Amino acid sequence: MFIDQVHIHVKAGDGGAGCMSFRREAYVPKGGPDGGDGGDGGDIIVQADPSLSSLIEYRFKHHFKAERGTHGKGSKMNGSRGEDRIIKVPVGTQIHAYDDETKQSGEMIADLTVAGEKVIVVKGGQGGRGNVHFVTSTRRNPAFAELGEPAEECWIELTMKLMADAALIGMPSVGKSSLIATISAARPKIADYPFTTLVPNLGVVSIDYDSFVVADVPGLIEGASEGRGLGTEFLRHIERSALLLHVLDASGSWEERDPVEDYRIIRAELEQYSDDLANRPEIVVLNKADLVDTAPIMAALKAELTERAMQKVGGNEFSPDYQEPLLFAVSAITGQGIDTLLRTANQLVKELRIQAAAEQPETPAYEQIWEYRRKERDREFTVTNLGGNVFRVQGKAVERMVIQTEWENEEAIAYLQRRLERFGVEKALVAAGAKNGDEIRILRRAFALQTHLLSDEDEETEGEDILDE
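Residues numbered from 1 in each chain as written. Predicted model: local features only at pLDDT ≥ 70, side-chain atom pairs only at ≥ 80, totals over all residues. Heavy atoms only, no water.

A. Region of the structure containing the overall build of the chain. Per the secondary structure count, the chain includes 10 helices and 18 strands. Each of the 469 residues in the chain was classed as buried or not, and the buried ones make up 49%. Partitioning the intrachain contacts of the chain with sequence separation of at least 6 by distance along the chain shows that 70% fall at a separation of at least 24. Here the chain displays about 23600 Å² of accessible surface, and carbon together with sulfur accounts for 49% of that area. (Helix = DSSP H or I, 4+ residues; strand = E, 2+ residues; numbered from the N terminus. Buried < 20%, exposed > 50% of the residue type's maximum accessible area, 1.4 Å probe, protein only. Contact = heavy atoms within 4.5 Å. Areas by Shrake-Rupley, 256 points an atom, 1.4 Å probe, with all protein chains shown as cover.)

B. Here's a closer look at the packing of helix α8 (residues 396-403) against helix α9 (residues 410-423). At a closest axis distance of 10 Å, the pairing of α8 and α9 adopts a crossing angle of 170°. The angle between α8 and α9 places the two elements in the roughly antiparallel class. Judged by residue contacts, Ala397, Val398, Met401 and Val402 of α8 engage Leu416, Arg419, Leu420 and Phe423 from α9. Taken together, the residues that form the contact of α8 with α9 break down as 7 nonpolar, no polar and 1 charged. (Axes fitted to C-alpha atoms, helices over the stretch in contact; angles between N-to-C directions. Parallel < 35°, antiparallel > 145°, perpendicular 65-115°, else oblique. Nonpolar A, V, L, I, M, F, W, Y, C, P; charged D, E, K, R; others polar.)

C. Region of interest: helix α3 (residues 259-273). For α3, which comprises 15 residues, the first-to-last C-alpha distance of 21 Å matches the rise-based estimate of 21 Å (1.5 Å per residue) to within 8%. Along α3, the residues classified as buried are Pro259, Val260, Asp262, Tyr263, Ile265, Ile266, Arg267, Glu269 and Leu270. Where α3 begins, the side chain of Asp258 points an oxygen toward the backbone nitrogen of Val260, at a separation of 3.2 Å. (Expected span 1.5 Å × (residues − 1). Polar contact = N/O pair within 3.5 Å; in protein donor to acceptor, adjacent residues only side chain to side chain.)

D. Structural context of the sheet that holds strand β7 (residues 118-122). Read across the sheet, 3 strands follow the order β4-β2-β7 without closing on themselves; strand pairing throughout is mixed. Strand pairing shows two members of the sheet lacking a second neighbour, β4 (85-89) and β7, which therefore form its edges. Pairs of neighbouring strands in the sheet enclose a mean axial angle of 30°, with direction left out of account. Relative to β7, strand β2 (residues 44-48) runs antiparallel, the two sharing 4 bridges. Pairing of Val46 across the sheet is with Val119, part of β7. (Pairing = 2+ DSSP bridges.)

E. Representation of the side chain of His246 within the structure. Along the polypeptide, His246 turns up in strand β12 (residues 243-249). In this structure the side chain of His246 is engaged in a polar contact, spanning 3.1 Å, whose partner is the side chain of Glu282. With sequence-adjacent residues up to four places away left out, His246 is seen in contact with Ile169, Gly170, Tyr263, Ile266, Arg267, Glu282, Ile283, Val284 and Val285.

F. Spatial organisation of the environment of Ala48. Within the fold, Ala48 resides in strand β2. Since its relative accessible area comes to 3%, Ala48 is described here as buried. Distance in space between the C-alpha atoms of Ala48 and Asp111 is 9.5 Å, their sequence separation being 63 residues.

G. Layout of helix α1 (residues 176-183). Counting buried residues in α1 gives 7 out of 8 residues, a clear majority hidden from the surface. Within the sequence span of α1, burial applies to Lys176, Ser177, Ser178, Leu179, Ile180, Ala181 and Ile183.

H. Just the sheet that holds strand β14 (residues 326-329), in detail. Strand order in the open sheet made by the 6 strands is β10-β11-β9-β12-β13-β14, with mixed pairing throughout. Of all the strands in the sheet, just β10 (201-207) and β14 have a single pairing partner and so form its edges. For this sheet, the mean angle separating the axes of adjacent strands, direction not counted, is 25°. Strand contacts of α1: β9 (166-169), β10, β11 (210-216), β12 and β13 (282-287), with the helix running at about 160° to β11, the strand carrying the most contacts. Sheet strands in contact with α3 are β9, β12 and β13, and its direction is about 145° off that of β12.

I. Main features of unusual backbone geometry. One non-glycine residue, Lys76, adopts positive backbone phi at about 55°. Look at Lys76 and you get exposed, because its relative accessible area is 54%. Located in the positive-phi region is Lys103, a residue other than glycine, with phi close to 60°. Topologically, Lys103 is positioned in the loop between β5 (93-99) and β6 (104-112).

J. Layout of the packing of α3 against helix α5 (residues 295-312). Interaxial distance between α3 and α5 falls to 9 Å at its minimum, and their mutual angle equals 30°. Taken together, the axes of α3 and α5 are roughly parallel relative to one another. As for the relative orientation of α3 and α5, their crossing is right-handed in sense. Listed contacts from α5 to Pro259, Val260, Tyr263, Arg264, Arg267 and Glu271 of α3 are Ile297, Ala300, Leu301, Glu304, Leu305 and Arg308. Classifying every residue of the contact of α3 with α5 by side-chain character gives 7 nonpolar, no polar and 5 charged. (Left-handed = near helix turned anticlockwise from the far one by under 90°.)

K. How the structure looks around the pattern of salt bridges. With the rule as written, the count across this model stands at 22 salt bridges. Between Asp84 and Arg81 there is a salt bridge whose closest N-O contact spans 2.8 Å. When its relative accessible area of 42% is taken as the criterion, Arg81 is described as partly exposed. A single salt-bridge network, built from bridges that share partners, covers Glu261, Arg264, Glu271, Glu304 and Arg308. (Salt bridge = Lys/Arg side-chain N within 4 Å of Asp/Glu carboxyl O.)

See below:
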């Protein structure tokens, strides 16, 4: 079964807790703190695997979780890092953020077009620090440590787009499957009724010691760009193809369709779906040439193609941008015209590859880009005045500090206040109108604001903060 789009839930591993421990040995009465750090949780990584051809593995399994980090121990023994969870996908898979409630896809995380390319989708939680990290000149024996950070979790959308040099497009039953079976080793289902092909097929064409990949896309119909006949599901598979092989039926099939009108319909759908796709290089293939006299049809198609080519260059056939239309009459059954078609397509594919290599920038480092965006989002926080002298602070980094704090430990709470101060939370609260004694809420925790930024006489005067990161 061919599955090209799935939604999965991913959760990285939680961080292990840091250890609060003191060195206790004979003849070492004041050994000091020696609590080890908790291990970081494992990441969720999506990696392109050339051995895969669809996303069928994720049709029924939708939840994936990485291993959590282990807790730290005494004697400065750090916990081990959780094992990453690697999700393998076909080359050509795009990853988007996904909202499972609204059923809408969001920001693109990565587009994996190279074998082995990978991206960390969600990062494992940070391990808590042991009490050895909190020693200062005034705090020689800290009796607290950090808890591990809960890991990120979210839904993502995986969308596979075939990686092919050329794509066969056209109405149903024009002979696309027969053509790909003739020119390659692909063996799609072939029958004399519409929509015999329900999934895209790939075939490798070998010609003159060269080769290129062709995709056979299920037939398109009028309204395909709006999703009719699952058109948008099929159209996305030709988005990566550099060359379009537009197949028409010379016989008109059992519906007695007009090949010229079929061509206009498909072109209109391409233009409505994507300007970029509509402007791709194209070879028009009049199939089933063995069944009818193709001369009048070829003449009508030639006139249609020439008129369209002239419109692109403002009617000037001597323009350097003018491209002579490529039109071939072939028969997938008898082999008529196939060799000439393939040699032309092969040469055009080679030229397009060279052009793409010259114009294509280096593959974006999605892992670094997504990690940078993640860190930027982590440092952002907001202060909301809820009324009644109550303020809420929201932000990933701020919430992480609260989560990692042992609330039964007064030393740990005092340390949290200093962290929030250094992070700028108190300044933001004062700027939002908070005063000493006001209730501050972060996640499910609430505490009263006590800051040096506001003097006892005039709480509107700025000074120095007590809250920190």
